[in-house]
Amino acid sequence: MFNCVILPSVSHFYKLLYSIYTMQIFTLIFLIALLLTTLTQVWLSARHIRHVRIHQDRVPEEFASQISLADHKKAADYTCAKTRAGYPSILIHAGLLLAFTLGGGLNVLSEFWANWLNDPLTHGMALIISTFFIMSAAEIPLSYYRTFVIEEQFGFNKMTPAMFFTDLIKQSALGLLLGAPVLFFVLWLMEKTGESWWLYAWLAWIAFNLFVLAIFPTWIAPLFNKFTPLEDATLKTRIEHLMNKCGFKASGLFVMDGSRRSNHGNAYFTGFGKTKRIVFFDTLLARLNPAEIEAVLAHELGHFKHRHVIKRIVISFAMSLAFFWILGYLMEQSWFYAGLGVEVASVPSAAMALLLFFLVMPVFTFLLHPISSIYSRKHEFEADAYAARNASADDLIHALVKLYQDNAATLTPDPLHSAFYDSHPPASIRVAHLQSQEQA
């Protein structure tokens, strides 16, 4: 009789000790990962600034005929100013993450909403939305500074404060309009569909992303910019000839009023199926000649021809499936919540698990960024090679150099910083690759 009573108690005691041990280990792992990520980001920024400053007094030889020393120095100053402005963002994000987790912030928010909302789904939605609202609000002053101090100082900003806050309101409203229903549905699946919820949630996530991709060109993008059909008949004929040559069909050629907000230039194609369209910034059309525009478009069509967009979507969906599966496991582990400062009595909670996962996931994945950059740069090289075959490598080089100059993009980024943050190859490497394509 005595053994029957005491043995379960001993077993429970050891389970409790193991739970505490696991919790403490995960807390330590989280703190180390957060410290490592934060210090790495600060270190990368510091070495980027140092590298750019070291090379600011001499234009790289391959660009000396097109880029003046004054423009090169301007790009260095602009790059360093933007990089320095990133320090507060790094530190604020780390501080908020600690405050929400080990600081007990999520517990406070959860208790606050519990006083007003009894339904688990609406409580969970309020908790997630309010958390991201606070984090986004903390970024507003930094975004304002980047726009109206840095961008203004270097002659790029065209926005007014009224336009800035109008865009902010539109983005927030759009995020709620599109995000709230899918969030509610995912939380419902997590609560109601048993152990396989992560598979159903993943399918819902795929459907949502495909829906947004489909409506973006015709419904979302026009909320922020004006799109007008390309009117230059000669340029239009030239572009249509290139599209026919490449086997690309689009719903139209459009010019976007990018100059309304910034002097930066770009071009892209968006949508899929019948919603595909090619978009040129008006700033780009004003700067490049027809041959250079054709070369830039050929590069964009190279992404289409090599199915880069589809490949990236597939990889994104595969990664999201893995993340949902991992979340499905973590959701049932008390050490996951306790190790991040969430009161064990409040779990398991679908909303809390989802929120914690997406808050801390970047801390554990930051060091993997170079892998993503390598894959993205592979696509850029393939698109450049395609442009060299179907247009002119020399015209694309001249177009890129003009864009580097107009956007004050540094020609001498720190290689390691670039590996973490740049999806495109550094200018010197990209130009050398294009020159080799022309000689082949």
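Below is a short write-up of the structure.

A few words now on the pattern of salt bridges. If you walk through the whole model with that rule in mind, you get 10 salt bridges. For Asp77, the salt bridge is made with Arg53, and the minimal N-O distance between the two is 2.7 Å. Here the residue Asp77 occupies a position in helix α2 (residues 69-100), and Arg53 occupies one in helix α1 (residues 2-54), the gap between them amounting to 24 residues. The salt bridge partner of Arg287 is Asp406, with a shortest N-O separation of 2.7 Å. Highlighted residues: Arg287 in helix α8 (residues 282-287) and Asp406 in helix α14 (residues 393-406), separated in sequence by 119 residues. Residue Asp406 is classed as partly exposed on the basis of its relative accessible area, which comes to 24%.

A word on the sheet that holds strand β2 (residues 253-256). Strand pairing in a sheet takes place through backbone hydrogen bonds and is either antiparallel or parallel in direction. Overall, mixed pairing links the 4 strands, which are arranged β1-β2-β4-β3 in an open sheet. Each edge of the open sheet carries a strand with a single partner, namely β1 (227-229) and β3 (267-270). Pairs of neighbouring strands in the sheet enclose a mean axial angle of 30°, with direction left out of account. Pairing of β3 with strand β4 (residues 277-281) involves 4 bridges; the strand directions are antiparallel. The residue bridging Thr270 from the neighbouring strand is Arg277, located in β4.

Okay, the nonpolar core next. Judged by nonpolar contacts, the single largest core of 55 residues is most densely connected at Leu187, Met190, Phe336, Tyr337, Leu354 and Leu356. The residues touching Leu354, leaving out its near neighbours within four places in the chain, are Ile128, Leu183, Val186, Leu187, Met190 and Leu327. Among the nonpolar cores identified, the runner-up in size contains 45 residues, and Ile239, Cys246, Met256 and Leu403 belong to it.

What follows concerns unusual backbone geometry. We note that Arg307 has phi near 55°; this positive angle belongs to a residue other than glycine. Checked against the element boundaries, Arg307 lands in the loop between α9 (290-305) and α10 (308-330). Among the residues examined, Arg307 registers a relative accessible area of 54% and is labelled exposed. One non-glycine residue, Ala408, lies in the positive phi region at around 55°.

What counts, and at which threshold
Residues numbered from 1 in each chain as written. Predicted model: local features only at pLDDT ≥ 70, side-chain atom pairs only at ≥ 80, totals over all residues. Heavy atoms only, no water. Salt bridge = Lys/Arg side-chain N within 4 Å of Asp/Glu carboxyl O. Helix = DSSP H or I, 4+ residues; strand = E, 2+ residues; numbered from the N terminus. Buried < 20%, exposed > 50% of the residue type's maximum accessible area, 1.4 Å probe, protein only. Pairing = 2+ DSSP bridges. Axes fitted to C-alpha atoms, helices over the stretch in contact; angles between N-to-C directions. Core = buried A, V, L, I, M, F, W, Y, C linked by side-chain atoms within 4.5 Å. Contact = heavy atoms within 4.5 Å.

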